[in-house]
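Structure assessment
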Amino acid sequence: MLPDLSHAEILRYSRHLLIPEVGLEGQKKLLAASVLVIGAGGLGSPVALYLAAAGVGRIGLVDFDVVDSSNLQRQIIHGSGAVGTLKVESARQRLRDLNPHIQVDIYNEPFTSANALRIARDYDLLVDGTDNFPTRYLVNDLCVLTGKPDVFGSIYRFEGQASVFYAKEGPCYRCLFPEPPPPGLVPSCAEGGVLGVLPGTIGTIQATEAIKLLLGIGSSLVGRLLLYNALDMSFETIQLKKNPDCLVCGTHPQVTELIDYDAFCGVPGFEHDEGSAGKNWDISATDLALRLKNGEKLRLIDVREPHELAISALPGAENIPLGQLAARLPELDSAQELVLFCKTGVRSTRALELLVSAGFRKVRNLQGGINAWAREVDPKLPIY
Ligand SMILES: [Zn+2]
């Protein structure tokens, strides 16, 4: 039995009711439906806004972060007044204002193997708006194991991807990528940047797919990967095949319960996400400042891109972008102590791994990057 619409709801959704493929029946289906949006950031913003506006009856939001000024360039569900508050709270307020007829449930916690089954249990489908590998594999496996569609999106700089992974009808994410890339190899938006409007495009495609799946109309992106390039303004579609040997959705699955996805996607010892190379390799900004003040001869290597030096720079540092480091190793002296840094410590951790594998031992990673230096040592430098 589908719920009835009030007069206020009939007026609100009248442009939907006019479309034969949606109509009153479709609108009732949306009202009876539930979607879990993981991440209230760049992708989650347009997804949640459009699902709420469309009248999806129950929306769940998972995020444990607070709104930061650097989010506002793309995370359009949040406003300047929400900086410093919980993302899920800020998002819920906006969604309530947009549509008071729907239910919004928030989960202020990281989405992990420990809580994913409990949180996702009553939702019809999941939208992955987090764009990181551990969560991507977690959402995929959870959806395969519980028989739900996973609406996928991914963004970087000017390029985005979208698909629907639904093992009942097509391939899953693991069919495509059985193994995650080595940690640090695929740069995150926090390190490499992203055009602010890009998650708007990809998130809107995810919302479109979610609404179509709930309505049961059209052809979904099941079995297809959509590639979008904002610079060329081009869309491409790649056909995807189910892998019969897939570890989670294949004929003889080996992954039959959720695993430790941080361990699956990471390499012990180097903690890329925190901008740390591990305590034996890290130096804090405060300690580095002290050693420089004491006149120690440390060679500072800035592995950021040249255009980032215009934002902030350390005096005396040499710029060798990470991409050039392997070719420029002869410029470095392994007898001299080197301190590598980038914006937050992620790229410099990768640079450190490269140098360590080339035999360098007197090498340090500035933990937290030049942003940590701005926080701890020199507040005149901007944080970006
Ligand atoms: Zn699969």
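Look above for the structure.
Predicted model only: the values in this text are computed from it and were never measured. (Residues numbered from 1 in each chain as written. Predicted model: local features only at pLDDT ≥ 70, side-chain atom pairs only at ≥ 80, totals over all residues. Heavy atoms only, no water.)

Another aspect to go through is the coordination of the zinc ion. By definition of the ideal shapes, a tetrahedral metal site with four donors has angles of 109.5 degrees and an octahedral site with six donors has angles of 90 or 180 degrees. Within the protein, Cys-172 (SG), Cys-175 (SG), Cys-246 (SG) and Cys-249 (SG) serve as the donor atoms for the zinc ion, at 2.3 Å. If you look at the zinc ion, its four donor atoms make angles of 94 to 119° with each other, and the shape they trace is tetrahedral. The sequence pattern formed by the donor residues of the zinc ion is C-x2-C-x70-C-x2-C. With a relative accessible area of 1%, Cys-172 lands in the buried category. (Donors = N, O, S within 2.8 Å, 3.2 Å for Na, K, Ca; no water. Tetrahedral: all angles 85-135°; square planar, octahedral: opposite > 155°, others 65-115°. Buried < 20%, exposed > 50% of the residue type's maximum accessible area, 1.4 Å probe, protein only.)

Bringing the environment of Phe-133 into the picture now. Residue placement: Phe-133 occurs in helix H7 (residues 133-146). Along the backbone, Phe-133 and Gly-203 are 70 residues apart, and their C-alpha atoms lie at a distance of 17 Å. In this structure Phe-133 touches Tyr-173, Pro-181, Val-186 and Cys-265, once residues within four positions along its chain are discounted. (Helix = DSSP H or I, 4+ residues; strand = E, 2+ residues; numbered from the N terminus. Contact = heavy atoms within 4.5 Å.)

Let us now look at the sheet that holds strand S4 (residues 125-128). Taken in spatial order, the eight strands line up as S3-S2-S1-S4-S5-S6-S7-S8 in an open sheet, and their pairing is mixed. Strands at the two margins of the open sheet, each flanked by one partner only, are strand S3 (103-107) and strand S8 (234-239). On average, adjacent strands in this sheet sit at an angle of 15° to one another, irrespective of strand direction. Sheet topology places S4 next to strand S5 (residues 150-156); three bridges connect them, and they run parallel. Note that in S5 the partner of Leu-126 across the bridge is Asp-150. Of the strands in this sheet, strand S1 (34-38), S4, S5, strand S6 (159-165), strand S7 (224-229) and S8 touch helix H10 (residues 198-215), which is tilted by about 170° from S5. (Pairing = 2+ DSSP bridges. Axes fitted to C-alpha atoms, helices over the stretch in contact; angles between N-to-C directions.)

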